[in-house]
Amino acid sequence: MTDWAEIRRLHTIYEDDAVLALDKPVGLSVMGERHDTDLVRLAADAGEELFPVHRIDKVTSGVVLFARELRFHGDLTRQFQRRTIGKRYLALTRTRGLPTAGTIDLPLSVGRKSRVRVAANRADITASRRPPADPDAPDAPDGADGAGASGAMTEEGYWSVAPDAAFAHVRTYPSVTTFVRLWEGDGRTLLAATPRTGRRHQIRVHLAWIGHPIDGDPLFDKAPATRTFLHSWQLAFDAAWAGGARVEVEAPPGADFLAPIGDPLPADLLDDSRR
């Protein structure tokens, strides 16, 4: 889809004088495409100037936020930098065995050909109960022990590497993703994932390196049969131009995203996960 008026009509989920939030279709970049089109260029060609506040990958669908004027852009980007933005994604893996909730605390680095990777050897990733020293997270129940980087665990899981196991020869970026398991069945798992840090490809790399890659992800599947099953679901920000009111926007997953799950998905599952 390359008609800006049609994209706006079909995919606008929130708009006011300061911002525009779109439910981005799979296959369109937010900005910066050299040989293909992107949303910023499509808007400009149609006479509308937009300033991206953040980006989501071309293969990812869902909420993306733009400032409609440059004067609103700085405050919004600072909210991302300060991590006061609320972000939640839906991710469908082609695996089972994840705990009901978990934290992936693995540093990232950039390797050959600019590929993002975990900044440690895969064998050094350990899975265990959440460390009780983490003040921002509930303790895992007694007996919730890990079973290796890709093994099944019960209740709360925690993946990490020891400080001395992280690479020292490259620049590394502390990166944390949390998730809750929404559904599991037919060899697949649906997660609600929150990137506590906003690194490039973070959710995709974190899940793949603990043995649960996102279904259809071209970073880890050379010939994906369908779309990448990662969806930017919810975004919350403070609207300084409206007295600091908290604005929450949501892009419900489309039928193409939910198709692999099929009928077993309870109709109220996503509603329940918001609580």
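Residues numbered from 1 in each chain as written. Predicted model: local features only at pLDDT ≥ 70, side-chain atom pairs only at ≥ 80, totals over all residues. Heavy atoms only, no water.

## Side note on the environment of threonine 60
Piece 1. The topology assignment puts threonine 60 in the loop between strand 3 (51–52) and strand 4 (61–67).
Piece 2. Classification of threonine 60 by relative accessible area gives buried; the value is 2%.
Piece 3. In sequence terms threonine 60 and histidine 231 are 171 residues apart; their C-alpha atoms lie 5.6 Å from each other.
Piece 4. Residues within four places of threonine 60 in sequence aside, it is in contact with Lys24, Pro25, Val26, Tyr89, Leu230, His231 and Ser232. (Helix = DSSP H or I, 4+ residues; strand = E, 2+ residues; numbered from the N terminus. Buried < 20%, exposed > 50% of the residue type's maximum accessible area, 1.4 Å probe, protein only. Contact = heavy atoms within 4.5 Å.)

## Overview of the layout of surface pockets
Piece 1. For the largest pocket, the calculated volume is near 1,100 Å³.
Piece 2. The wall of the largest pocket is formed by 35 residues, among which Arg55, Ile56, Gly198, Arg199 and Arg200 lie closest to the centre.
Piece 3. Among the elements of the structure, helix 3 (70–82), strand 5 (86–93), strand 12 (188–195) and helix 4 (202–209) are those that each provide at least two residues to the lining of the largest pocket.
Piece 4. Taken together, the residues of the lining of the largest pocket break down into 12 nonpolar, 13 polar and 10 charged. (1 Å grid on protein atoms, 1.4 Å probe; cavity = no way out; pocket = protein on both sides within 12 Å on 5 of 7 lines; lining within 4 Å. Points joined across faces, edges and corners; volume = space filled by probe spheres on them. Nonpolar A, V, L, I, M, F, W, Y, C, P; charged D, E, K, R; others polar.)

## Side note on the pairing of strand 13 (residues 230–239)
When a strand is regular, its side chains alternate between the sheet's two faces.
Piece 1. The buried count for strand 13 comes to 9 of 10 residues, which makes it a mostly enclosed element.
Piece 2. Here 2 bridges tie strand 4 to strand 13, and the two strands are oriented parallel to one another. Bridge pairing in strand 13 places serine 61 opposite histidine 231.
Piece 3. Both strand 5 and strand 13 contribute to a ladder of 6 bridges, which runs antiparallel. The partner of lysine 87 across the bridge, within strand 13, is leucine 235.
Piece 4. When strand 13 meets strand 14 (residues 245–250), the two strands line up antiparallel, connected through 6 bridges. Its bridge partner being in strand 14, alanine 239 is matched across the sheet by alanine 245.
Piece 5. The hairpin formed by strand 13 and strand 14 contains 5 residues between the paired strands, and glycine 243 there has a positive phi angle of roughly 75 degrees. (Pairing = 2+ DSSP bridges.)

## Focus: the pattern of salt bridges
Piece 1. Under the counting rule described, the total for this entry stands at 14 salt bridges.
Piece 2. Taking the shortest distance from any N to any O, the salt bridge between arginine 71 and glutamate 69 comes out at 2.6 Å.
Piece 3. Judged by its relative accessible area of 62%, arginine 71 falls in the exposed class.
Piece 4. The partly exposed category is assigned to glutamate 69, whose relative accessible area is 32%.
Piece 5. In the salt-bridge network here, residues are joined through shared partners; they are Arg8, Glu15, Glu48 and Arg68. (Salt bridge = Lys/Arg side-chain N within 4 Å of Asp/Glu carboxyl O.)

## Regarding the packing of aromatic side chains
Piece 1. Applying the stated criterion across every chain, the model contains 5 aromatic pairs.
Piece 2. Relative to phenylalanine 237, the ring of tyrosine 14 lies with its centre 6.5 Å away and its plane at 75 degrees, an arrangement referred to as edge-to-face. Of the two residues, tyrosine 14 sits in strand 1 (residues 12–15) while phenylalanine 237 sits in strand 13, which places them 223 residues apart along the sequence.
Piece 3. Cation over ring: arginine 122 sits above tryptophan 209, and NZ or CZ is 4.3 Å from the ring centre. (Phe/Tyr/Trp six-rings, centres within 6.5 Å; stacked < 30°, edge-to-face > 60°. Lys NZ or Arg CZ within 6 Å of the ring centre and 35° of its normal.)

## Focus on the pairing of strand 12
Piece 1. Here strand 12 lies mainly inside the structure; 8 of its 8 residues are buried.
Piece 2. Alternating residues of strand 12 divide into Arg188, Leu190, Ala192 and Thr194 and Thr189, Leu191, Ala193 and Pro195, and every residue in both groups is buried.
Piece 3. As paired strands, strand 5 and strand 12 are joined by 5 bridges and run antiparallel to one another. Directly across from leucine 92, in strand 12, lies its bridge partner leucine 190.
Piece 4. The pairing of strand 11 (residues 176–185) with strand 12 spans 8 bridges and is classified as antiparallel. Paired with glycine 185 across the two strands is arginine 188, which belongs to strand 12.
Piece 5. Linking strand 11 back to strand 12 in an antiparallel pair, the connection comprises 2 residues, with aspartate 186 at a positive phi of about 55 degrees.

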